[in-house]
Amino acid sequence: MNFKSIAKMDLGRLILALTIASVLVSLANTLHASYQVQRQQLIDAALETNHAYASKLAASTDDFFASMMQQLAYAAQVVARDFDNPALLKAESERLFLQTDSFNSIAIIDRQAQVVSHAPQTLQLLGRKLETRGVRKALADRKPLISQPYLSAAGNLVISVSQPVFDAQRNYLGMIAGTIYLKHENFLNRLLASHYYQDGSYLYVVDQQRRLIYHPLNNRVGTAVEDNLAIEEVIAGIAGRREVTNSEHVAMLAGYAIVPATGWGVVAQRPKTATLAALDTLMLKVLLHALPVAALSLVFIWWCARRIARPLQQLASGARTMDDPATADDIRRVRSWYYEAAELRQAMLVGIGLLQRNINRLRQDAQTDALTGLGNRRTLDQALAAWEREKTPFAVMSVDVDFFKNVNDTYGHDVGDGVLRALAQHMRDCARERDVFCRIGGEEFLVLLPRTSPQVALQVAERLRQQVERADMAPVGRVTISIGIAHWAGDAQGTAEVFKRADEMLYRAKRAGRNRVEVDMPEIRREA
């Protein structure tokens, strides 16, 4: 009798322990999933904010240089009327210097590189011949110029903004130049320093030689920065956002943009830890708010566990009294109880099904390009990881829409998006179900064909090219594509090289006239 009581009690405890464990695991999983989603949202928001801010600062800086050029152009017209009049030259240089704080100094230089007027007068450059790199280039080019940073005659790290001076007969007289001292107070410095340096965030500017034009630490101005992916992209003319590590080995979330007038890169970045600091506090609050509900849930679960154990007692009692006519009714009632338990189980399955669908939807959204419905880089990475692990050979088609910028410029981005969606459908039509389709940015697409030879990939590419060429994509009409093909044989060499070769083939197709396919195998290369 005691053994039976203990067995019954142990079963009740087991049910209680399993139920509690399920609740705690579900709670932990929900908190973890929420943390990961919120974390990524914070990172994405910080990257987008920094990119937007960098773009705004880049546009403001470009406007600043346009304004300076306009001031100098007007002054050049004034001094051109009487370039041999020292009083006029002095008055105009001092007017430019005093009227705005755009320049740290003004110099009017004749075509022999001799200073004929300057402001402020404390520079004592009158009559000196300047041999700095910026002056030589401006005199040689005889056109409006924003120089690269150089050391001035006074030993300052400067950039020069200059306008040529021509008389009424278009004879070249010299130039008028305004200089900005990069390590001194000036309007450009104040414009870029308006960024709020909270929680370790800061902004800096680099030129095409990776030198710092502006940095909140003044002693770093003029130094070069290496091994920074954001800087490498921005000097290549690519604006965007990415996670980088700064010179102090701190993970930063950076957004960057280009100043069109100079080719400089503006980079705004924030520490990743500062971005995620609020998330830890938020999740702690969520957990604290969930604890009272969890405690009440555990009490309720304990009561339910006791109720679940009762049918077993009723079944045991019925087994001992099988000869009693009333036992059948008792067993029916027990069976009704299990019917309700089955319904509860079904309800839980429905709930789990809803959760799985939501997770699958999130996973699908994370792996799908929203515009075309094709895969994104995450889809590409997952396929490559599996194929590299299994040594599965594959062909890669790098696809690009010819003259797509003209479509956007002529018909607008909505029509351009329609062209991209139509191209995505053509790609699905021309390839196989097991192939992997990815949009990797703009009008660039990748098609990965597993266990496919270059010859078969060429046939698929040609079919796609011809189908797109024949398609009527109203209102654009005829649109063509260029395709580059490379093949990975499943050898020990990594897959990165095959994408590089596919891009090279794509560029070869572009250079050869577009609307064609190029294959990275000389024996089967052919004209489109």
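Up top is the structure these notes are about.
The structure contained in this document is the topic of the report that follows. The structure displayed is predicted, hence computed values, not measured ones.

Rules of the game
Residues numbered from 1 in each chain as written. Predicted model: local features only at pLDDT ≥ 70, side-chain atom pairs only at ≥ 80, totals over all residues. Heavy atoms only, no water. Helix = DSSP H or I, 4+ residues; strand = E, 2+ residues; numbered from the N terminus. Contact = heavy atoms within 4.5 Å. Core = buried A, V, L, I, M, F, W, Y, C linked by side-chain atoms within 4.5 Å. Buried < 20%, exposed > 50% of the residue type's maximum accessible area, 1.4 Å probe, protein only. Arc of directions from axis to C-beta. 1 Å grid on protein atoms, 1.4 Å probe; cavity = no way out; pocket = protein on both sides within 12 Å on 5 of 7 lines; lining within 4 Å. Points joined across faces, edges and corners; volume = space filled by probe spheres on them. Nonpolar A, V, L, I, M, F, W, Y, C, P; charged D, E, K, R; others polar. Pairing = 2+ DSSP bridges. Axes fitted to C-alpha atoms, helices over the stretch in contact; angles between N-to-C directions. Salt bridge = Lys/Arg side-chain N within 4 Å of Asp/Glu carboxyl O. Parallel < 35°, antiparallel > 145°, perpendicular 65-115°, else oblique. Left-handed = near helix turned anticlockwise from the far one by under 90°.

### Section: unusual backbone geometry
Argument step 1. Put simply, Ala 119 and Pro 120 share a cis peptide bond, and its omega is 0 degrees.
Argument step 2. Among the secondary structure elements, Pro 120 is positioned in the loop between strand E2 (115-119) and helix H3 (133-141).
Argument step 3. A cis amide bond links Ala 474 to the next residue, Pro 475, at an omega of 0 degrees.
Argument step 4. Phi is positive for His 249, close to 65 degrees, though the residue is something other than glycine.
Argument step 5. Turning to its location among the elements, His 249 is positioned in the loop between strand E9 (240-245) and strand E10 (251-259).
Argument step 6. Its identity is not glycine, yet Phe 403 carries a phi of approximately 55 degrees, on the positive side.
Argument step 7. By the element assignment, Phe 403 lies in the loop between strand E12 (394-401) and helix H9 (404-411).

### Some remarks on the environment of Ala 239
Argument step 1. Within the secondary structure, Ala 239 sits in the loop between helix H5 (229-235) and E9.
Argument step 2. Put simply, Ala 239 and Gly 255 are 16 residues apart on the chain and 7.9 Å apart in space, counted from C-alpha to C-alpha.
Argument step 3. With residues near it in sequence (within four places) discarded, Ala 239 still touches His 51, Tyr 256, Ala 257 and Ile 258.

### Notes on the nonpolar core
Argument step 1. Counting residues in hydrophobic clusters, the biggest one holds 39 residues, and the most contacted among them are Phe 65, Val 161, Val 165, Ile 176, Leu 203, Val 205 and Val 266.
Argument step 2. With twelve residues, helix H1 (residues 2-80) is the largest single contributor of residues to this core.
Argument step 3. In this structure Val 161 touches Phe 65, Met 68, Met 69, Leu 72, Phe 103, Leu 145, Ile 146, Ile 176, Ala 177 and Gly 178, once residues within four positions along its chain are discounted.
Argument step 4. Membership of the second largest hydrophobic core comes to 33 residues, among which are Met 397, Leu 420, Ile 481 and Val 519.

### As for H9
Argument step 1. Every buried residue belonging to H9 is among Phe 404, Val 407 and Asn 408, and all of these are buried. In an axial view of H9, the angular spread of the buried residues amounts to 95 degrees, which keeps them on one side of the axis. In H9, the exposed positions that point more than 90 degrees away from the buried face belong to Lys 405, Asp 409 and Thr 410.
Argument step 2. Check the buried side of H9 and you find it contacts E12 and helix H10 (413-430).

### Side note on empty space enclosed by the protein
Argument step 1. As enumerated under the stated definition, the model contains three cavities of 30 Å³ or more in all.
Argument step 2. Approximately 80 Å³ is the volume found for the second largest cavity.
Argument step 3. Lining the second largest cavity are Tyr 202, Tyr 204, Leu 212, His 215, Arg 220, Val 225, Asn 228, Asn 246, Ser 247 and Gln 269.
Argument step 4. When the residues that make up the lining of the second largest cavity are grouped by side-chain class, the tally is four nonpolar, five polar and one charged.

### Section: the pairing of E9
Argument step 1. Relative to E10, E9 is paired through six bridges, and the arrangement is antiparallel. Each bridged residue has a counterpart across the sheet, and for Val 244 the counterpart in E10 is Met 252.

### Thoughts on the environment of Val 244
Argument step 1. Mapped onto the fold, Val 244 is located in strand E9.
Argument step 2. Residues Val 244 and Gln 269, 25 residues apart in the sequence, show an inter-C-alpha distance of 9.0 Å.
Argument step 3. Non-local contacts of Val 244, meaning those with residues more than four positions away in its chain, are made with Asn 228, Ala 230, Val 250, Ala 251, Met 252, Ala 254 and Gln 269.

### Considerations on the sheet that holds E12
Argument step 1. Taken together, five strands build an open sheet; the order of strands is E13-E14-E12-E15-E16 and the sheet is mixed. Pairing within the sheet leaves two strands with one partner each, and these edge strands are strand E13 (436-441) and strand E16 (517-519). Within this sheet the neighbouring strands show an average axis-to-axis angle of 20 degrees, counted without direction.
Argument step 2. The pairing of E13 with strand E14 (residues 444-450) spans five bridges and is classified as antiparallel. Considered in E14, the bridge of Phe 437 is made with Val 447.
Argument step 3. Seen against the sheet, helix H8 (residues 377-390) touches E12, E13, E14 and strand E15 (481-488) and runs at an angle of roughly 130 degrees to E13.
Argument step 4. On the sheet, helix H11 (residues 454-470) packs against E12, E14, E15 and E16 and is oriented at approximately 165 degrees with respect to E15.

### Here we look at the sheet that holds E9
Argument step 1. A sheet is described by the order of its strands in space; here five strands give the open sequence E8-E7-E11-E10-E9, paired in antiparallel fashion. Strand pairing shows two members of the sheet lacking a second neighbour, strand E8 (212-214) and E9, which therefore form its edges. Put simply, the sheet's adjacent strands are angled 35 degrees from each other on average, direction ignored.
Argument step 2. Judged from the eight bridges that link them, E10 and strand E11 (residues 264-271) form a sheet pairing that is antiparallel. By the bridge assignment for E11, Met 252 is matched with Pro 271.

### Re the pattern of salt bridges
Argument step 1. Per the counting criterion, the structure on display carries 17 salt bridges.
Argument step 2. Asp 369 is the salt-bridge partner of Arg 439, the closest N and O atoms lying 3.3 Å from each other. Here Asp 369 lies in the loop between helix H7 (327-366) and H8 and Arg 439 lies in strand E13, a separation of 70 residues in the sequence. The same class applies to Arg 439 and to Asp 369, which are both buried.
Argument step 3. The salt bridge involving Arg 501 is made with Asp 520; its shortest N-O contact spans 2.6 Å.

### Some words on the packing of H10 against H11
Argument step 1. It is the contact of H10 with H11, at a shortest axis distance of 9 Å, that shows an interaxial angle of 140 degrees. With respect to H11, the axis of H10 lies oblique. As for the relative orientation of H10 and H11, their crossing is right-handed in sense. On the side of H10, the interface is formed by Leu 423, His 426, Met 427, Asp 429 and Cys 430, while H11 contributes Val 460, Arg 463, Leu 464, Gln 467 and Val 468.

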